[in-house]
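Here's the letter readout for the chains.
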Amino acid sequence: MRPLIRCIAAGLLLAAACASLQARDAAPEPNTQVPKGAAWHAPTGAPDRIVASPLQQAATGFAVAWRTDASVRSPALEIVVAGDSPDMGSPRRLLASSTPLRTENGLAHQHRAEVGGLQPDTLYAWRVQGDRSWSAWFHTRTAAAADAPLTLLYFGDTQNKNLSLGTRVLREAMRHAPDARLALFAGDLVNGGDGEDDNEWGEWFASLGALPTSMVVAPAPGNHEYFEEFEDTPQERRVLGAHWPVVFALPGNGAPGARGTSYWFDYQDVRVAVLDGTSALDLGTARDQARWLDAVLADSPRRWSIVMVHQPMFSPRQDRDNALLREHVLPVLERRRVDLVLQGHDHVYGRRGGLRAGQATPQYLVSVAGAKQYRLSPEARATMAPVAEDTQLFQVIRLDGARLRYESRTATGRLYDAFELVREGGATRLVEQADGRIGERACARARTLKGRADRCWE
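To start, this report covers the structure provided alongside it.

### Notes on the packing of aromatic side chains
The full count for this structure, using the stated rule, is 13 aromatic pairs. For the pair tryptophan 201 and tryptophan 204, a centre-to-centre distance of 5.8 Å together with 75° between the ring planes defines the contact as edge-to-face. Note that tryptophan 201 and tryptophan 204 are positioned in helix 3 (residues 197-208) at a spacing of three residues, about one turn of the helix. Comparing tryptophan 201 with tryptophan 204, the two get one shared label, buried. Ring geometry for tyrosine 263 against phenylalanine 265: centres 6.3 Å apart, planes inclined by 20°, an arrangement best described as stacked. Overall, tyrosine 263 belongs to the buried group, its relative accessible area being 0%. Judged by relative accessible area, phenylalanine 265 falls into the buried class, the value being 0%. Joined through ring pairs, the aromatic side chains of Phe155, Phe185, Trp201, Trp204, Phe205, Trp244 and Phe248 make up one cluster. The lysine or arginine in question, arginine 127, covers the ring of tryptophan 134, its NZ or CZ lying 4.2 Å from the ring centre. In this arrangement the basic side chain of arginine 352 is found over the ring face of phenylalanine 314, its NZ or CZ atom lying 3.9 Å from the centre.

Dropping the structure here:
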């Protein structure tokens with residue numbers, strides 16, 4: 001009997017183990033890959049989360065932010081014109097400023113160094129210091145002359161499951177645009193607000209791979225870069241998360257009331273202005289940001305203009321309406337004839353724009369790079385084209401003299417939307433690019449507003 005009992009017991013244990021594996025496989029994927037209480041993204045003496053961002057004039061410099069543990073104070077950045085020899089020569093050395101940041105992963109020091117006085121269109125090698133250690137040498141090229149061709153990337157919200165489901169989109173974007181020098185992120189980079197913010201930031205950087213050191217990164221703050229203080233009480237208010245001011249080294253030329261979350265810069269022949277939509281909608285800065293934006297665009301000598309803001313002017317998701325942005329910001333976008341308005345927030349794809357008296361109006365784009373997907377509103381289906389649901393996307397924008405070409409591609413690289421803006425004298429002509437585009441993606445129904453759809457067609 002004993003062998004039989006042992007056999008039955010072993011069978012029961014195996015069945016239990018199989019059931020446990022099936023349950024684990026069927027469970028929803030967590031927002032991060034870090035188990036609760038684990039410190040997989042804790043800071044060390046080695047520099048990490050290294051990201052370059054543009055200075056106001058990107059042809060002559062860039063800024064770098066990075067992280068170490070608290071043992072490192074005022075580390076250095078070294079930079080030299082890149083060459084082919086492993087002998088890097090005598091690099092220029094700059095000391096960084098350091099700011100403490102305490103998170104669920106312990107105390108870190110966030111470092112920042114601004115590198116100015118560089119030559120345009122020059123490939124530089126640079127590295128950053130940690131505790132008795134250095135990062136790898138990275139290569140970043142400064143912006144070229146205004147009339148030189150430029151390729152840049154634009155991503156909607158990454159936000160959820162960055163490492164598991166965002167990585168493929170970012171890598172596909174770099175594969176399609178290996179010459180990109182600038183990456184724009186339209187807010188909600190992480191989900192935040194759940195006590196795992198630092199782990200999420202760690203996974204966001206892990207998902208980017210080489211992107212933030214091979215080109216410069218310019219993000220917009222989203223509502224998930226904020227958190228609700230005193231939630232569900234009369235004192236409830238929006239507060240900017242602790243990561244945003246120190247994770248990036250952004251230009252300090254923003255609007256009154258949103259100085260650290262709005263900014264502008266010139267990159268070759270395009271002026272880029274970044275707004276803080278959450279501050280505009282929830283903290284009363286819409287009017288001040290609109291006035292600031294008007295001044296930034298009014299004196300621009302650049303041929304092209306891009307404005308990036310997280311919340312859309314025309315929301316493609318049902319039951320959302322950013323009326324304050326349309327009241328204060330939209331008239332500036334139209335009056336200054338902005339070329340592209342890059343947005344996120346609504347976790348679908350939609351484009352709205354057109355012609356007015358023979359002149360191309362701003363093209364209002366909403367896109368999503370991450371895993372969280374919403375549903376389109378009936379109004380969006382009637383007023384935007386193309387539109388998409390349940391689709392991860394990235395965008396490649398190429399500027400070459402009097403032509404701007406825009407492409408939106410799916411996570412597998414298929415062309416979903418494309419058009420050109422062509423400057424002719426003082427007018428702008430919109431040219432649709434239909435060749436090679438796949439059909440619109442829509443979904444039969446969704447289990448939940450934020451959930452995946454049961455069935456999609458294209």
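### Considerations on the environment of histidine 345
Residue position: histidine 345 is located in the loop between strand 17 (340-343) and strand 18 (349-352). Residue class for histidine 345 comes out buried when judged on its relative accessible area of 10%. With 29 residues separating them along the chain, histidine 345 and tyrosine 374 place their C-alpha atoms 9.8 Å apart. In contact with histidine 345, other than residues within four places in its own chain, are Asp157, Asp188, Asn223, His310, Gln311, Pro312, Arg320 and Tyr374. Of the polar contacts made by the side chain of histidine 345, one reaches the side chain of histidine 310; its length is 3.0 Å.

Criteria and cut-off values
- Residues numbered from 1 in each chain as written.
- Predicted model: local features only at pLDDT ≥ 70, side-chain atom pairs only at ≥ 80, totals over all residues.
- Heavy atoms only, no water.
- Phe/Tyr/Trp six-rings, centres within 6.5 Å; stacked < 30°, edge-to-face > 60°.
- Helix = DSSP H or I, 4+ residues; strand = E, 2+ residues; numbered from the N terminus.
- Buried < 20%, exposed > 50% of the residue type's maximum accessible area, 1.4 Å probe, protein only.
- Lys NZ or Arg CZ within 6 Å of the ring centre and 35° of its normal.
- Contact = heavy atoms within 4.5 Å.
- Polar contact = N/O pair within 3.5 Å; in protein donor to acceptor, adjacent residues only side chain to side chain.

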